[in-house]
Amino acid sequence: MLIQDASLTEVRGLTSQQVAERLRQEGYNELSSSRKRGILAVAADVAREPMFLLLIAAGAVYLVLGSLGEALALLASIFLIIGITLYQERKTERALEALRDLSSPRALVIRDGTQQRIAGRDVVRGDLIVLAEGDRVPADGVLLSGANVTADESLLTGESVPVRKLPLARTTGAMADGGQTMARPGGDDQPFVYSGTLIVQGRGIAEVLATGPRSEIGKIGRALQGLRVERTPLQRETGRVVRFLAIWGLLLCVVLVVGYGLLRGQWLDGILAGIALAMSVLPEEFPVVLTVFLALGAWRLAQKRVLTRRVPAVETLGAATVLCVDKTGTLTQNRMTVRQLFSHGDTFSLGQHAEQPIPPAFRELAEYSVLASQSDPFDPMEKAIHAFAEAALPPADRSRSGWILVREYPLTPHLLAVTRVWASPESAGRMVATKGAPEAIADLCHLEGSARAALMEHVAEMVRDGLRVLGVARARAISPNLPAQPDGFDFELIGLIGLADPIRPEVPAAVQEAYGAGIRVVMITGDYPGTAQAIARRIGLRDPDRVITGPMLDAMDDAALRERVETTNIFARVVPEQKLRLVEALKARGEIVAMTGDGVNDAPALKAANIGIAMGGRGTDVAREAAALVLLDDDFSSIVRAVRMGRRIFDNLRKAMSYVLAIHVPIAGMALLPVLFGWPLVLMPVQIVFLELIIDPASSVVFEAEPEEADVMRRPPRDPRAPLFTRAIVGLSLLEGASIFAIVLAVFRLSLALGSSESEARALTFTTLVIANLALVLTTRSRTRVIFATLRSPNAALWWIIGGAVALLALVLYVPFLRGLFGFAFLHPNDLLICLAAGFASILWFEALKLARGWWLLSRARRAARSGSPGAASSP
């Protein structure tokens, strides 16, 4: 049943049982999306991969040669590869599904008599939704009550001009659930709101009439089939590397096949050798690793209460040099309490919880501050005012039975005050209450000279105590014709209200951690400079005495602003539109800017920032859509944790890529060199497939799960222009691969020189290569800590991979059928010890370098401590 003209306090909405029943009957409020890929679809994708085609070709050659066992082994390996791909795909898909659930539009609904913030997909028909400026409408509905509601319906109509909405009670002939269908979108003074449209002004309550595919956006076929995946800079760079290596690998393969056939006359064996070389060179792990890292990285950020809406933000996080953050709710708890009152020259301070009765002289201030607020507010400041008035005013002064809200004048950038006009049954006139920034209230009251100066002196006293200050005024309207703007009323100042908002306890430590990571923290607030400075000192912000205000910012040209932003960390009395200039000024100085925002007007700055961060708790849908990241808990420390996670993701991605590049060197070498010198072949397709079964999960699972390095937040931000494959990384990887190749080749040649058979030499060489591969995984886990130190860092995936690799190696060495399939001889315990020693010897030089670097840094720190120069002790 529809509620004709109800305030938020008079409605109860659906019950939990009704919601559950309607979800069961009608499903979730979501549009049809693309289907999940099944096994056949994944298999089809795998079938197009070069590695798959090489395996098919090798299997066909084995069949022609009459080697049925080898052909069946390659067939089995194809199914294994499909299984691994399915696992990785499902793991990535689950992460993306969780992110899609988190990123669906939110809705504020009234259920069981209370306001609840839920995911938009959980909205059901009959729900009462609370709509406010900046909200995306979650479902089709009819407006039951509201003030100054306008909506942007360009998504449905193509018209960019917002349209007015009137509540049902004020619309003649409008029926929402009485047999008539909803009107088409567009046109002023309709009561209907539509899914996907944007509330650009006002506030109201609507009842949901249609959800999901039954909504207007569903009917006209504007369903979103999923986000278009954009290629990130890392994906483009990785693609170039893969193409380069693939082209050279295929050229070498062709040369090898032709050379083998011409020199030995064995074309089929040459084709097998060429396929083995192509498989050893082809770096098909690179794109898989990158996809898994970015998807699971976004999922891990969500575990830290940071939602990733744009994948490139995962790459950019570790490069951030400046964090521009709001004060209220981000640095502070956004749980305000009224702490001080000023009225007609008298001051009254309240206790910690503002619950004690107030003197009669201040009751008018409390009364009109409530009248200028929402009836059932969501804003913490207005909640604090209501709580204060509830405890401070006698019941007779709190009663507003029969009062009707006639009009509301919202806050604008030009007038930072909210004005509400009430009709009282006890009086012929109308009561007008306004509250807002003290200077705005002073303007409305036409205060000049000494009166204005005295008021601002009291404001300054409150601000010095770190309070947020609001002015309150009243007026009376006799004429039924209300002015177009609030300044048309004849206001009288009542007084000031000072509210306290304690800082979040974890913020000071997070600010210091950001400084330790070489990241500036900049506070941007609409509050007074004194309030901002008081908060800045409590959280440990640097240079709290330097402040630029909004008016000062307007007076500067772009060149002057670029110079001043280098040394200023507090921007006060700033309106959202000015944030864009700050972002552009910082970016002009080469900074990588992370900017927080929550309002509709913050969207341009969020889009312009390198990393736009929207508030998930109090932010508007517009801000969330413009941002790359969303803070689910609006907490500054979550931003710092996200930076830490971003650095960890990039570090581990580099480790994985370095490992893949390094391990392909000995594999390619052992596939190529025996052919060139006429030695017995060591690596054929079946052996390379075995190695890939270790390399694939090690690179995409083990390194992704690796904890961050201890110094991850003690380094300066990385240069975002620096490539993933730097010369140093490529050089080190090639050196590691060459070291393993030298050891493995030495084992092979020595075993042949000592009279071992081909099968014995092949078994010894392959076992050494597998152990060296595992040793490379262990040493690549950290570029600074030795293996014994890294073993204390938990990584469950590591032990699964090592255990699986050892188990598979044991099977191919000691199960007669598999041993014959791989062309191996039986290895004795002494042989295994030789392989173990040789495998780990291949990475000992790198472990020694780590120890040498550690001793050098320690001695440097000791010298710095003795000389009293702490700056010299920092690691390079």
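Our structure is the block above this text.
Residues numbered from 1 in each chain as written. Predicted model: local features only at pLDDT ≥ 70, side-chain atom pairs only at ≥ 80, totals over all residues. Heavy atoms only, no water.

Draft legend 1. How the structure looks around the overall build of the protein chain. Looking only at helices and strands, the protein chain features 31 helices and 22 strands. For the protein chain, buried positions account for 52% of its 876 residues. Partitioning the contacts of the protein chain with sequence separation of at least 6, the portion at a separation of at least 24 is 71%. Counting only carbon and sulfur atoms, one obtains 59% of the accessible surface of the protein chain, whose full area is about 38200 Å². (Helix = DSSP H or I, 4+ residues; strand = E, 2+ residues; numbered from the N terminus. Buried < 20%, exposed > 50% of the residue type's maximum accessible area, 1.4 Å probe, protein only. Contact = heavy atoms within 4.5 Å. Areas by Shrake-Rupley, 256 points an atom, 1.4 Å probe, with all protein chains shown as cover.)

Draft legend 2. Main features of the sheet that holds strand β8 (residues 306-308). Ordered by their spatial adjacency, eight strands build an open sheet running β8-β22-β21-β20-β9-β17-β19-β18, and the pairing between neighbours is mixed. Sheet topology places β8 and β18 (547-549) at the edges, where each strand pairs with a single neighbour. For this sheet the average axis-to-axis angle between neighbouring strands, irrespective of direction, equals 20 degrees. Where β18 and strand β19 (residues 570-572) come together, three bridges link them in parallel fashion. Across the sheet, I548 pairs through a bridge with F571, a residue of β19. Along the sheet, helix α20 (residues 576-588) makes contact with β9 (322-326), β17 (520-524), β19 and β20 (593-597), crossing β20 at roughly 170 degrees. (Pairing = 2+ DSSP bridges. Axes fitted to C-alpha atoms, helices over the stretch in contact; angles between N-to-C directions.)

Draft legend 3. Quick peek at the packing of helix α26 (residues 758-780) against helix α30 (residues 829-841). It is at 8 Å that the axes of α26 and α30 come closest, and there the two elements cross at 40 degrees. The angle between α26 and α30 places the two elements in the oblique class. At the point where α26 passes α30, the crossing takes the right-handed sense. Judged by residue contacts, L764, T767, T768, I771, A772, A775 and L778 of α26 engage D831, L832, C835, L836, A838, G839 and F840 from α30. Looking at the contact of α26 with α30, its residues break down into ten nonpolar, three polar and one charged. (Parallel < 35°, antiparallel > 145°, perpendicular 65-115°, else oblique. Left-handed = near helix turned anticlockwise from the far one by under 90°. Nonpolar A, V, L, I, M, F, W, Y, C, P; charged D, E, K, R; others polar.)

Draft legend 4. Inspection of unusual backbone geometry at higher detail. One non-glycine residue, D112, adopts positive backbone phi at about 55 degrees. Within the secondary structure layout, D112 lies in the loop between β1 (106-111) and β2 (114-119). Even without being glycine, R573 reaches a positive phi, approximately 55 degrees. Position of R573 among the secondary structure elements: in the loop between β19 and α20.

Draft legend 5. Region of interest: the pattern of salt bridges. Going through the model one piece at a time under the given rule, you end up with 26 salt bridges. A salt bridge links R589 to E566; the shortest N-O distance between them is 2.7 Å. Of this pair, R589 sits in the loop between α20 and β20 while E566 sits in the loop between α19 (558-564) and β19, placing them 23 residues apart in sequence. The class of R589 is partly exposed, set by a relative accessible area of 37%. Connected via shared salt-bridge partners are E364, R474 and E492. (Salt bridge = Lys/Arg side-chain N within 4 Å of Asp/Glu carboxyl O.)

Draft legend 6. Representation of the sheet that holds strand β13 (residues 417-423) in the model. Sheet architecture is open: seven strands sit in the order β11-β10-β16-β15-β14-β13-β12, paired in antiparallel fashion. Unpaired on one side and paired on the other, β11 (346-349) and β12 (404-409) mark the two borders of the sheet. Here the average twist between neighbouring strands, direction ignored, is 20 degrees. Direction of pairing for β12 relative to β13: antiparallel, over a ladder of five bridges. Bridging across to β13, Y409 finds its partner in T419. Together, β10 (337-343), β13, β14 (430-436), β15 (468-477) and β16 (492-500) form the strand contacts of helix α11 (residues 363-371), whose direction differs from that of β16 by roughly 80 degrees.

Draft legend 7. Main features of the environment of S145. Structurally, the position occupied by S145 is in strand β4 (residues 140-152). For S145, a relative accessible area of 9% translates into the label buried. Spatially, the C-alpha atom of S145 lies 9.3 Å from that of P191, the residues being 46 residues apart in sequence.

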